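# A closer look at the structure
Residues per chain are reported as follows:
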Amino acid sequence: WEFNGSFYQPSAFLMMGIPGLEALHHWISIPFCALYLIALLGNCMILFIIKKTQSLHEPMYYFLSMLAVTDLGLVLCTLPTTLGIFWFNMRRIGFDACLTQMYFIHILSFIESSVLLAMAFDRFIAISHPLRHPSILTKTTVIKIGLAIILRGVVSLLPIPFLLKRLTYCGKTELSHSFCFHPDIMNLACADIKVNVFYGMIILLSTVGMDFIFIVLSYILIIKTVISLATKEECLKALNTCVSHICAVLVFFIPMIGLSMIHRFGKNVPPLINTLVAYTYLIIPPALNPIIYSIKSSHIREALLRALRRK
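Residues numbered from 1 in each chain as written. Predicted model: local features only at pLDDT ≥ 70, side-chain atom pairs only at ≥ 80, totals over all residues. Heavy atoms only, no water.

## Re the layout of surface pockets
- Empty space within the largest pocket amounts to approximately 510 Å³.
- Lining the largest pocket are 19 residues, and of these M60, R123, K237, A238 and T241 lie nearest its centre.
- Taken together, the elements giving at least two residues each to the lining of the largest pocket come down to α2 (59-88), α3 (95-128), α9 (232-240) and α12 (298-310).
- Looking at the lining of the largest pocket, the element that brings in the most residues is α9, giving four residues.
- A breakdown of the residues in the lining of the largest pocket according to their chemical character gives seven nonpolar, seven polar and five charged.
- The calculated volume of the second largest pocket comes to roughly 420 Å³.
- Around the second largest pocket, the lining is made up of 18 residues, and of these K172, S176, D184, H263 and N274 lie nearest the centre.
- For the lining of the second largest pocket, the secondary-structure elements that each account for two or more residues are α10 (243-265) and α11 (271-296).
- It is α11 that contributes the most residues to the lining of the second largest pocket, three residues altogether. (1 Å grid on protein atoms, 1.4 Å probe; cavity = no way out; pocket = protein on both sides within 12 Å on 5 of 7 lines; lining within 4 Å. Points joined across faces, edges and corners; volume = space filled by probe spheres on them. Helix = DSSP H or I, 4+ residues; strand = E, 2+ residues; numbered from the N terminus. Nonpolar A, V, L, I, M, F, W, Y, C, P; charged D, E, K, R; others polar.)

Spelled out as structure tokens, the structure:
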């Protein structure tokens, strides 16, 4: 502990694996390793295919590349501490290292939310204004959108580590997960955390919350456009281009909303449920997104098959 008058700050936190199943951590690590491997290989494959295939150099696949890079970042943020606990029972993480991991996990989550919104906007333009799509979403515009997404995540979350460092901590230093999460850390403080709670809620609602609302609005407009199409075949073809994105949105937002609600309002939720929702939120989307897009996107599937034939 570091002592400075009445101010206490732990030198480290203790992370938690899966509560009640500590004796089975070595066996539990097997499916986790499989998910991490799928996420790493799958997202690298998506990036490689898009880079090497000239026909995929268009806005939809540029945004998919951003999604793949974000998913790789999330995997690399949580993999060391999660497998460190499962394999070696390495539960200790330094205070500053924990804040750094937390900061990047939240930034990447916010970036993923914004990228999904950008992909929804791309689908709306492609379906509602197909002739104007190339002129609206030029390569320069896509780069500007990507930089704006990164800047928004970095700036909006910058105060969070400093708000946590100002708090006094005492007693319990055990986190609920095998990674650092803002609500989890602030609940260990024995000081007034109203500012942290208020700022966290405002940032969450003004970024991820607004992203989700605009995604829903985009699909309402897409459905209105699709209904006006002449034939049923055209309608189904237009909707089919959105299936992958809809799956990615559901896979990301449902666990994220669930985890946020549990941390803020679910005081009586069993620790095991809390842990499983957290792992679902951070590990399942990076593993499933490459599979979803490989199955549903004929362009990616064909490019993958061509690459395998060349091998």
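Here the narrative resumes.
## Side note on the UniProt feature "transmembrane region" (unreviewed entry) in the chain
- Under the feature "transmembrane region" (unreviewed entry), the UniProt entry names residues 24-50, 62-88, 100-121, 142-164, 197-222, 243-266 and 272-292.
- Secondary structure content for residues 62-88 is 100% helix and 0% strand, while the C-alpha to C-alpha distance between its ends is 39 Å.
- With 100% helix and 0% strand, residues 197-222 has end C-alpha atoms that lie 36 Å from one another. (UniProt positions renumbered as here; feature names shortened; annotations may be inferred.)

## Focus on the packing of aromatic side chains
- Under the defined criterion, the tally for this structure stands at 12 aromatic pairs.
- Aromatic pair F13 and F95: ring centres 5.5 Å apart, planes at 40°, arrangement tilted. With F13 in strand β3 (residues 12-14) and F95 in helix α3, the pair connects residues that are 82 residues apart, well separated along the chain.
- Relative to Y279, the ring of F86 has its centre 6.4 Å away and its plane inclined at 50°; by these criteria the two rings are tilted. Highlighted residues: F86 in helix α2 and Y279 in helix α11, separated in sequence by 193 residues.
- The exposure class of F86 is buried, given its relative accessible area of 1%. (Phe/Tyr/Trp six-rings, centres within 6.5 Å; stacked < 30°, edge-to-face > 60°. Buried < 20%, exposed > 50% of the residue type's maximum accessible area, 1.4 Å probe, protein only.)

## What to know about the nonpolar core
- Within the largest apolar cluster, 86 residues are counted, with the highest numbers of intra-cluster contacts made by F13, L64, L116, L164, Y169 and I185.
- Element by element, the count of residues in this core is highest for α3, at 18 residues.
- In this structure, F13 is in contact with R91, R92, I93, F95, C98, Y169, T173, L175, I185 and L188, ignoring residues within four places of it in sequence. (Core = buried A, V, L, I, M, F, W, Y, C linked by side-chain atoms within 4.5 Å. Contact = heavy atoms within 4.5 Å.)

## Quick word on the side chain of D184
- With respect to the element layout, D184 can be found in helix α7 (residues 182-186).
- Here the side chain of D184 touches S176 through a polar contact of 2.7 Å, landing on its backbone nitrogen.
- Every residue in contact with D184, bar those within four places of it in the chain, is listed here: L175, S176, H177 and H263. (Polar contact = N/O pair within 3.5 Å; in protein donor to acceptor, adjacent residues only side chain to side chain.)

## Describing the state of the cysteines
- According to the stated counting rule, one finds one disulfide in the structure shown.
- A sulfur-sulfur separation of 2.0 Å characterises the disulfide bridge that pairs C98 with C180. An S-S torsion of about -120° defines the bridge between C98 and C180 as left-handed. With a gap of 82 residues between them, C98 in helix α3 and C180 in the loop between α6 (159-165) and α7 connect regions that are remote in the sequence.
- A relative accessible area of 0% places C98 in the buried class.
- Among the cysteines around C33, which has no disulfide bond, C44 carries the closest sulfur, lying 17 Å off. (Disulfide = S-S within 2.5 Å.)

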